[in-house]
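Descriptive analysis of the structure
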Amino acid sequence: MTSSRTAILESIRRAHGRGDLSADRQQALRDRLKAHPAATIPARSAGDQDHRITLFTDMVTAVDGTVDRISGWDALPQAVGNWLKSRNLPTTLAIAPDPRLDAVAVHPLYTVHRGAALPEDLIGLSIAEAGIAETGSLMLVSGPETPTSLNFLPDVHIIALPASALVGPFEEAWARLRTRFPDGLPRTVNLITGPSRTGDIEQTLLLGAHGPRQLHVVIVDDVPSA
Amino acid sequence: MQSTTRQFKDNARAALNDATLRQPLQKLKVGFRVRRAQAAEKLPEFETLRDQGRDLKNHVLENLDFYLETFATAVEASGGVVHWARDAAEAREIVLSICRDHNARTVTKGKSMISEEIGLNAYLADHDITPVETDLGEYIIQLRNEPPSHIIAPAIHVQKEMVADAFRATHTHLPADRPLSEPRQLLDEARAVLRDKFLAADVGITGANFLIAETGSTVIVTNEGNGDLTQLLPKVHVVLASLEKIVPTLEDAALLLRLLARSATGQEASSYTSFSTGPRRPGDPDGPEHFHVVLLDNGRSRLLGTEFEEMLRCIRCGACMNHCPVYGAIGGHAYGWVYPGPIGSVLTPALIGIEEAAPLPNASTLCGRCEAVCPMRIPLPKLLRHWREQEFSRHLPPGRTRLGLRVYRWFATRPALWRLATRAAALGLRMMGRKTGFLTRLPFAEDWTRHRVMPVPQGQTFMARYRAETDTPEI
């Protein structure tokens, strides 16, 4: 493949009427990569935590998701149970092996398996790396304790979002990624905004195309508010 | 994909007479256009972001070789493999050989216009590998054995009864008398059928909306989640992407993401924006074991440094076709190749040759709506005019058109004669239509008057009035 690579790169340089970029130019581009400057960031996402919570909740609701807010991880099993009951859903769950979700996994209310989703799983519970208030998006990353299949295979997706991980714009979520994964991104980073949908049949909007039909977010106040 | 662009006129006539196209095209005009306008309205920074998006892409194209090499290095560092394909044949060959290396029998596919461009499905099928499209729209048109008619809504021309027919013909394992009259029933059936395909596939092939040089990530933006299941479940993930999809950093991707969904569907964000970086890591409970990226040139690099370079800023949102009066009248198939609408009319001649695609740059009224909504501020009307110039200088238009233009030029460059001739023509037309005030037939313009009447000219000619009102001396 080296020859095609060379041919394509040569073709680009020829079209620009130049050879390799100068060393200075290359250094300037490397500096830009390192500085990764942001373009204009929409003002709507600027504000304090209360503003972020309100904006995030409004945005998730606008795309047919639901949002609950609880005071700590201890309250999660009951909150999940209440929501499942309100939707008339069973209490059999596939749960990400993240220790913060252990309280749900051991709770007598639930029948549980931990790990990657199985094809027959109806309800998945996972945990977000960040919430993005700007668009009501949840950022989930793949890893040993956070299987990506939980985000897509089950019909119902419940996501726990630590309140401390709620950010304003995309750029703040990128900053969290860079801090947490300094050696490179995990295999998969998903930004999830509402349940799966399609408009492919006569431009009729339908939820639950291939991914989850329902999306529920539980914001967990994991740090005492100032 | 084989082009039928040469028969554009016949295609367009057939489309205009196709009653099944009226409703979807009408719906598209109200739906997509209104939603885009609302989304743009809700983001005060939208116009600024369009300027920045344009500048960013220009920066990338200027330094494309550097960013491609940076991207390739980052993909390799994360355990992936990068393949470079000069043309469609090379890209098909690369994908086939990856499939063969893994003894693949079926591949699932996320939506990819590049795959359409290189005719991948037919090629894989010819080599005993079954490709399964998983985007609902793409799945429908695959069953109907036809190309997409819109870049983000590929089955927009298909009525739900036609979908039901295709499903009954294909899903023969299901009861013949099952109800399929509602979109929900159709979707649920497709979901169940395709779920099995996702789980069984050996290789998953997706496109890419963006490639991030900094991280070596490929990015797909979808609403259904099919692309995610495609790149998650099989043991091999292959990404097909053209060179110009590169952006330098995550921040640059954020800029374009803010423009893409709003311009395409009017959403603040699509349901799923997913970044893939290398294969699964040690300890990961799921994800593909192999990750390949195929970088396709196929005529793009030679557009750099030409008047068509600006076309490479395109992020494939489809806003230009949603707002185009010509697309709105004839739909996508009439254009005869992969990319319809204004972007197709510029891109198709660039990729398959102006000789093959000469009718397309003329399939425009140059009304400028496409440029007005293009998130990357691509001056589509200007680029269409460039193609018209090239077409003319290569003597491609028919003799009658060339003769007409020559006659026009002869008069237009002789002001005194022009004024005399327009006065005479105005007088002649007034005489012809003196009874009704309308002309039902015009010499040399029968095609135009076949469907409409023209009012007779009123008052003086433009030049005469202009002179009278501005006191300009005769030139």
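Residues numbered from 1 in each chain as written. Chains lettered and ligands numbered in written order. Predicted model: local features only at pLDDT ≥ 70, side-chain atom pairs only at ≥ 80, totals over all residues. Heavy atoms only, no water.

What about the overall build of chain A?
Within chain A, the regular secondary structure consists of 6 helices and 12 strands. Per-residue burial over chain A gives 54% buried out of 226 residues. For chain A, long-range pairs separated by at least 24 residues make up 71% of all intrachain contacts whose partners lie at least 6 apart in sequence. For chain A, the exposed surface amounts to about 9,200 Å²; the carbon and sulfur share of it is 53%. (Helix = DSSP H or I, 4+ residues; strand = E, 2+ residues; numbered from the N terminus. Buried < 20%, exposed > 50% of the residue type's maximum accessible area, 1.4 Å probe, protein only. Contact = heavy atoms within 4.5 Å. Areas by Shrake-Rupley, 256 points an atom, 1.4 Å probe, with all protein chains shown as cover.)

A closer look at the overall build of chain B
Along its length, chain B carries 22 helices and 12 strands. The principal-axis extent of the C-alpha atoms belonging to chain B is close to 85 × 60 × 45 Å. Counting only residues that meet the buried cut, chain B has 58% of its 475 residues in that class. Entry remark: accessible area of chain B is about 19,600 Å², with carbon and sulfur atoms responsible for 55%.

What about helix H2 (residues 19–42) of chain B?
All names here are of chain B. Across its 24 residues, H2 extends 36 Å between first and last C-alpha, which sits within 8% of the 34 Å expected from 1.5 Å per residue. Of the residues making up H2, those classed as buried are Leu21, Pro24, Leu25, Leu28, Gly31, Phe32, Arg33, Arg36, Ala39 and Ala40. Close packing links the buried residues of H2 with helix H1 (8–16), helix H3 (46–62), helix H12 (250–264), helix H13 (319–322), helix H14 (325–330) and helix H17 (369–373). (Expected span 1.5 Å × (residues − 1).)

Side note on the sheet that holds strand S8 (residues 246–247) of chain B
In spatial order, the strands read S8(A)-S5(A)-S6(A)-S9(A)-S9(B)-S6(B)-S5(B)-S8(B); together these 8 strands make up an open sheet with mixed pairing. Each having just a single partner strand, strand S8 (166–167) of chain A together with S8 of chain B make up the two edges of the open sheet. Both strand S5 (residues 130–132) of chain A and S8 of chain A contribute to a ladder of 2 bridges, which runs parallel. Of the residues in S8 of chain A, the one forming a bridge with Ile132 of chain A is Val167 of chain A. The sheet strands contacting helix H6 (residues 170–180) of chain A are S5, strand S6 (137–141), S8 and strand S9 (188–192) of chain A together with strand S9 (272–276) of chain B, and the helix crosses S6 of chain A at an angle near 15°. (Pairing = 2+ DSSP bridges. Axes fitted to C-alpha atoms, helices over the stretch in contact; angles between N-to-C directions.)

Comments concerning the packing of H6 of chain A against H12 of chain B
Contact geometry of H6 of chain A with H12 of chain B gives a least axis separation of 10 Å together with a crossing angle of 150°. It follows that H6 of chain A is roughly antiparallel to H12 of chain B by the angle criterion. Pair H6 of chain A / H12 of chain B crosses with right-handed handedness. Across from Phe170, Glu171, Trp174 and Arg178 of chain A in H6 of chain A, the residues of H12 of chain B making contact are Leu250, Glu251, Ala254 and Arg258 of chain B. (Parallel < 35°, antiparallel > 145°, perpendicular 65-115°, else oblique. Left-handed = near helix turned anticlockwise from the far one by under 90°.)

A closer look at the packing of helix H2 (residues 23–35) of chain A against helix H4 (residues 64–77) of chain B
Running from N to C, H2 of chain A and H4 of chain B cross one another at 55°; their axes reach a closest spacing of 11 Å. Here H2 of chain A is positioned oblique relative to H4 of chain B, judged by the angle of their axes. Handedness of the crossing formed by H2 of chain A with H4 of chain B: right-handed. Residues Gln26, Leu29, Arg30, Arg32 and Leu33 of chain A of H2 of chain A pack against Phe66, Tyr67 and Thr70 of chain B of H4 of chain B. Within the contact of H2 of chain A with H4 of chain B, the residues separate by chemical class into 4 nonpolar, 2 polar and 2 charged. (Nonpolar A, V, L, I, M, F, W, Y, C, P; charged D, E, K, R; others polar.)

A few points about the interface of chain B and chain A
Reports often express the size of an interface as the amount of accessible area lost when the parts come together. Counting residues at the interface gives 104 residues for chain B, matched by 76 residues for chain A. Between chain B and chain A we count 12 salt bridges in total. The closest approach of N and O atoms between Asp65 of chain B and Arg13 of chain A, which form a salt bridge, is 2.8 Å. For the pair chain B and chain A, the interface holds 56 residue pairs in polar contact (both at pLDDT 80 or more). In terms of residue count, helix H10 (residues 183–200) of chain B provides more of the side of chain B that touches chain A than any other element does, 10 residues in total. Relative to S9 of chain B, S9 of chain A runs antiparallel, the two sharing 5 bridges. (Salt bridge = Lys/Arg side-chain N within 4 Å of Asp/Glu carboxyl O. Polar contact = N/O pair within 3.5 Å; in protein donor to acceptor, adjacent residues only side chain to side chain.)

Remarks on the pattern of salt bridges
A side chain with one charge can pair with a side chain of the opposite charge if their charged atoms come near. A full pass over the atoms with the stated rule returns 44 salt bridges over all chains. Residues Glu129 of chain A and Arg180 of chain A are paired through a salt bridge, measuring 2.5 Å at the closest nitrogen-oxygen approach. Here Arg180 of chain A lies in helix H6 and Glu129 of chain A lies in the loop between strand S4 (123–127) and S5, a separation of 51 residues in the sequence. Residue classification places Glu129 of chain A among the buried positions, given a relative accessible area of 13%. Glu133 of chain B serves as the salt-bridge partner of Lys109 of chain B, at 2.8 Å between the closest nitrogen and oxygen. Here the residue Lys109 of chain B occupies a position in strand S2 (residues 106–109), and Glu133 of chain B occupies one in strand S3 (residues 130–133), the gap between them amounting to 24 residues. Its relative accessible area of 2% is what places Glu133 of chain B among the buried residues. Among the charged side chains, a salt-bridge network with shared partners connects Arg5, Glu10, Arg13, Arg18 and Asp20 of chain A together with Asp65 and Glu69 of chain B.

Concerning the side chain of His157 of chain B
Residue placement: His157 of chain B occurs in the loop between helix H8 (136–143) and helix H9 (160–170). For His157 of chain B, the side chain forms a polar contact with the side chain of Ser149 of chain B, separated by 2.7 Å.

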